[in-house]
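# Report on the structure
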Amino acid sequence: TIEGIGSRAKGYHPIQKALADHNGSQCGFCSSGIVMNMYGLLQNNPHPTKQIIEDSFDGNLCRCTGYRPILDAMKSFAVDADGPSTTDIEDFKKVCDTPCSRLACAKDCDAASARPAHFRSGDGNTVWVRPVTLNELYATMRATASQSPRLVFANTSSGIYKDETSSVYIDLSAVPDLKSINVTTSGLQVGATNTISTLIATLKAQVAMSVSYASAAAHLQKIGNLPVRNAGSWAGNLMLTHNHTHFPSDVFIVLSGLGAKLTLGSSADGSSTTVDLFQFLQTDMTQRVILSVFIPILQTNEYFTSYKIMIRHQNSHAYVNA
């Protein structure tokens, strides 16, 4: 929390100090989010560049400052900062009197999230279920088939289609079979519950395999904003287009352009089928789930590029994408 990393009583965190020193806080409404976003970035990447920092703030809104003093403050922690860099994360841990073991995320919740769970709302009308194996997922889908269960990961689509609800929600986040990432000589196999951010990072890491991966990653970075990409899965984005053919899915555009193939699993008999993106749109997904996508490398004399025309570079659907 913002209080946990620094306060007037304990002493301010260097990020908090930098924001104040650069006059990056006016009304203060956005300041906590700005600080915690930068803190999270430095936990994952202690030595970011100025460009990485700027790209990481597309989900933070400020109505006062025009962003320049905020970015000046945050970019002071970059390895390529104009002035002396202050990115030594070891120094950050000395600022607050919270025990050091608590400053870096201990991931204590990981073990809890690996256990199956079942909750019912207070009025008894809504059930939330978290299976932890693919077989459990299929069994849950079969058992709740008459209730039209809604498969969810982060459920970010509720921000777009607010009236779509269900009496049964099946949480896919704890199924290991849906999280896998495999690199082969012919392409990438990415599990369905990897986030859009993870898909982008995977493509960037394998650019040497295929130049198309760099173009694809650049396009996918224009989806929503960083918090949305960190939360939502690429497969969930595809399901939006499956269920709403007018939805301008950048994931669909990019993966179809790359010649990707989806593997779909059936809860009825446990079988799996492989389809291309356009066949997917015609597939009845009742009692089915996306398992993974295979993204092939470019062959000789093949080229890939994509386009997105939008009102701004984040937080905006496409006017046209191709």
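One can find the structure itself at the top, above this paragraph.
Conventions adopted
- Residues numbered from 1 in each chain as written.
- Predicted model: local features only at pLDDT ≥ 70, side-chain atom pairs only at ≥ 80, totals over all residues.
- Heavy atoms only, no water.
- Axes fitted to C-alpha atoms, helices over the stretch in contact; angles between N-to-C directions.
- Helix = DSSP H or I, 4+ residues; strand = E, 2+ residues; numbered from the N terminus.
- Parallel < 35°, antiparallel > 145°, perpendicular 65-115°, else oblique.
- Contact = heavy atoms within 4.5 Å.
- Nonpolar A, V, L, I, M, F, W, Y, C, P; charged D, E, K, R; others polar.
- Buried < 20%, exposed > 50% of the residue type's maximum accessible area, 1.4 Å probe, protein only.
- Core = buried A, V, L, I, M, F, W, Y, C linked by side-chain atoms within 4.5 Å.
- Pairing = 2+ DSSP bridges.
- Polar contact = N/O pair within 3.5 Å; in protein donor to acceptor, adjacent residues only side chain to side chain.
- Phe/Tyr/Trp six-rings, centres within 6.5 Å; stacked < 30°, edge-to-face > 60°.

Another point: the packing of helix α13 (residues 234-243) against helix α14 (residues 250-257). Where α13 meets α14, the closest approach of the two axes is 8 Å, and the angle between their N-to-C directions is 100°. Taken together, α13 and α14 sit at an angle that is classed as roughly perpendicular. Touching W234, N237, L238 and T241 of α13 are D250, V251, F252 and L255, all from α14. Taken together, the residues of the contact of α13 with α14 sort by class into 5 nonpolar, 2 polar and 1 charged.

It is worth spelling out helix α2 (residues 14-21) at this point. When we look at burial in α2, the residues that qualify are P14, I15, Q16, A18 and L19. Residue N23 follows α2 closely and has a positive phi angle near 55°.

Right, let's talk about the nonpolar core for a bit. Among the nonpolar cores identified, the biggest contains 32 residues, and L203, W234, L238, L255, L262, I290 and I295 are the most heavily contacted of them. Mapped by element, the contributors of at least two residues to this core are β6 (187-191), α10 (196-205), α11 (212-220), α13, α14, β7 (261-266), α15 (277-281) and β9 (288-296). By size, the runner-up hydrophobic cluster in this structure holds 21 residues, among which are V35, M38, Y39 and I53.

Read from one edge of the open sheet, 4 strands run β1-β2-β4-β3, paired in mixed fashion. Two strands in the sheet have a free side with no partner beyond their single neighbour: β1 (117-120) and β3 (150-152). Neighbouring strand axes in the sheet, compared pairwise and without regard to direction, differ in orientation by 20° on average. Packed onto the sheet, helix α9 (residues 134-143) meets β2 (127-130), β3 and β4 (168-171) and runs at close to 170° relative to β4.

A few words on the environment of C64. Along the chain, C64 turns up in the loop between α4 (50-55) and α5 (68-75). Between the C-alpha atom of C64 and that of C30, which follows or precedes it by 34 residues, the distance is 9.4 Å. In contact with C64, other than residues within four places in its own chain, are Q26 and C27.

So, on to α14. An α-helical turn contains 3.6 residues, so a residue and the one three or four places further along point in the same direction. Among the residues of α14, those classed as buried are D250, V251, F252, V254 and L255. Residues of α14 that are buried make contact with α11, α13, α15, β9, β10 (308-310) and β11 (318-321). Where α14 begins, the capping side chain belongs to S249, and its oxygen is found 3.3 Å from the backbone nitrogen of V251. Count one or two residues on from α14 and you reach G259, which has phi positive near 75°.

What follows is about the sheet that holds β9. Here 5 strands make up an open sheet; going across it, the order is β5-β6-β9-β7-β8 and the pairing antiparallel. If you trace the sheet from one side to the other, it starts and ends with β5 (181-184) and β8 (272-276), each paired once. Taking the axes of each pair of neighbouring strands and ignoring which way they run, one obtains an average angle of 20° across the sheet. Where β5 lies against β6, 4 bridges are found, and the strand directions are antiparallel. Note that in β6 the partner of I181 across the bridge is V190. Lying on the sheet, α10 is in contact with β5, β6 and β9; it crosses β6 at an angle near 160°. Contacts between α13 and the sheet are confined to β6, β7 and β9, with β9 contributing the most and set at about 110° to the helix.

Our next topic: unusual backbone geometry. Positive phi, normally seen in glycine, also occurs at Q287, with a value near 60°. The residue N301 is not glycine, and still its phi comes out positive at about 70°.

Scanning all chains against the criterion turns up 2 aromatic pairs. Ring geometry for F252 against F278: centres 5.3 Å apart, planes inclined by 85°, an arrangement best described as edge-to-face. Of this pair, F252 sits in helix α14 while F278 sits in helix α15, placing them 26 residues apart in sequence. Residue classification places F252 among the buried positions, given a relative accessible area of 9%. In this structure F278 comes out as exposed when scored by relative accessible area, which is 53%.

On to the packing of α11 against α14, then. Between α11 and α14, the least distance of the axes is 10 Å, while the angle of their chain directions is 170°. For the element pair α11 / α14, the angle class is roughly antiparallel. In this structure, α11 uses A216, H219 and L220 to contact α14, whose residues at the interface are D250, V251, I253 and V254. Of the residues assigned to the contact of α11 with α14, the class counts are 5 nonpolar, 1 polar and 1 charged.

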